[in-house]
Amino acid sequence: MLRYLPFLLIIALTIYAFIDCLNTPEEEVKHLPKVVWVIIILLFSIVGPVVWLAAGKNRAPVGGGRGRRAQWVAPDDNPEFLKSLRDEQEKNKDTGKDKD
């Protein structure tokens, strides 16, 4: 069973890199078009996935570095959402349709 482990690791690495490449938006792919990366990953079973993981994609910094802020903001931290709640509450008070 142990003799199959290297083959299973290579297959797992190739599948991971292939799915990662397919799920990566086109604007985050570096150096080559996405289609070329897919072909490289599938044709060169060890080198292709390793090169993709090392150089094919813009990656966020790991650890304590300052990365991009996530697009999603919790509702209680979103000033636009809180303003819309206040506006709706004032509108309901004016029309007498307060649900609470």
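A brief report on the enclosed structure follows. (Residues numbered from 1 in each chain as written. Predicted model: local features only at pLDDT ≥ 70, side-chain atom pairs only at ≥ 80, totals over all residues. Heavy atoms only, no water.)

### Here's the deal with the side chain of T14
Working step 1: With respect to the helices, strands and loops of the structure, T14 is situated in helix α1 (residues 5-23).
Working step 2: Judged by relative accessible area, T14 falls into the buried class, the value being 13%.
Working step 3: Polar side-chain contacts of T14 include one of 3.1 Å to the backbone oxygen of S45. (Helix = DSSP H or I, 4+ residues; strand = E, 2+ residues; numbered from the N terminus. Buried < 20%, exposed > 50% of the residue type's maximum accessible area, 1.4 Å probe, protein only. Polar contact = N/O pair within 3.5 Å; in protein donor to acceptor, adjacent residues only side chain to side chain.)

### What to know about a nonpolar patch on the surface
Working step 1: There is a patch of nonpolar side chains on the surface, built from V35, I39, L43, F44, I46, V47, V50 and V51 and spanning about 750 Å² of accessible area.
Working step 2: By the element assignment, I46 lies in the loop between α2 (34-43) and α3 (47-55).
Working step 3: Exposure remark for I46: the relative accessible area of 47% places this residue in the partly exposed category. (Patch = residues over 30% accessible without salt bridge, like charges linked within 9 Å, V, L, I, M, F, W, Y side chains within 5 Å. Areas by Shrake-Rupley, 256 points an atom, 1.4 Å probe, with all protein chains shown as cover. Salt bridge = Lys/Arg side-chain N within 4 Å of Asp/Glu carboxyl O.)

### Points about unusual backbone geometry
Working step 1: The backbone of H31 shows a phi angle near 75°, a positive value even though the residue is not glycine.
Working step 2: Tracing the backbone through its elements, the reader meets H31 in the loop between α1 and α2.
Working step 3: Taking the relative accessible area as the measure of exposure, H31 reaches 67% and is therefore exposed.

### Some details on the packing of α1 against α3
Working step 1: Put simply, α1 and α3 touch, their axes get as near as 9 Å, and they point 45° apart. When the interaxial angle is binned, α1 and α3 end up oblique. The chirality of how α1 crosses α3 is left-handed. Along the contact surface, α1 presents L13, T14, Y16, A17, D20 and C21, while α3 presents P49, V50, W52 and L53.
Working step 2: Here the residues of the contact of α1 with α3 sort into 8 nonpolar, 1 polar and 1 charged. (Axes fitted to C-alpha atoms, helices over the stretch in contact; angles between N-to-C directions. Parallel < 35°, antiparallel > 145°, perpendicular 65-115°, else oblique. Left-handed = near helix turned anticlockwise from the far one by under 90°. Contact = heavy atoms within 4.5 Å. Nonpolar A, V, L, I, M, F, W, Y, C, P; charged D, E, K, R; others polar.)

### A look at α3
Working step 1: The set of residues buried in α3 consists of G48, P49 and W52. Mapping the buried residues of α3 onto a view down its axis gives an arc of 95°, with all of them on the same face. Turned more than 90 degrees away from the buried face of α3, the exposed residues are V47 and A54.
Working step 2: For α3, the secondary structure elements touched by its buried residues are α1 and α2. (Arc of directions from axis to C-beta.)

### Topic: the side chain of K34
Working step 1: Tracing the chain through its elements places K34 in helix α2.
Working step 2: Buried and unpaired, K34 has no salt bridge, with E26 as the nearest side chain of opposite charge at 5.0 Å. (Lys, Arg positive; Asp, Glu negative; His and termini not counted.)

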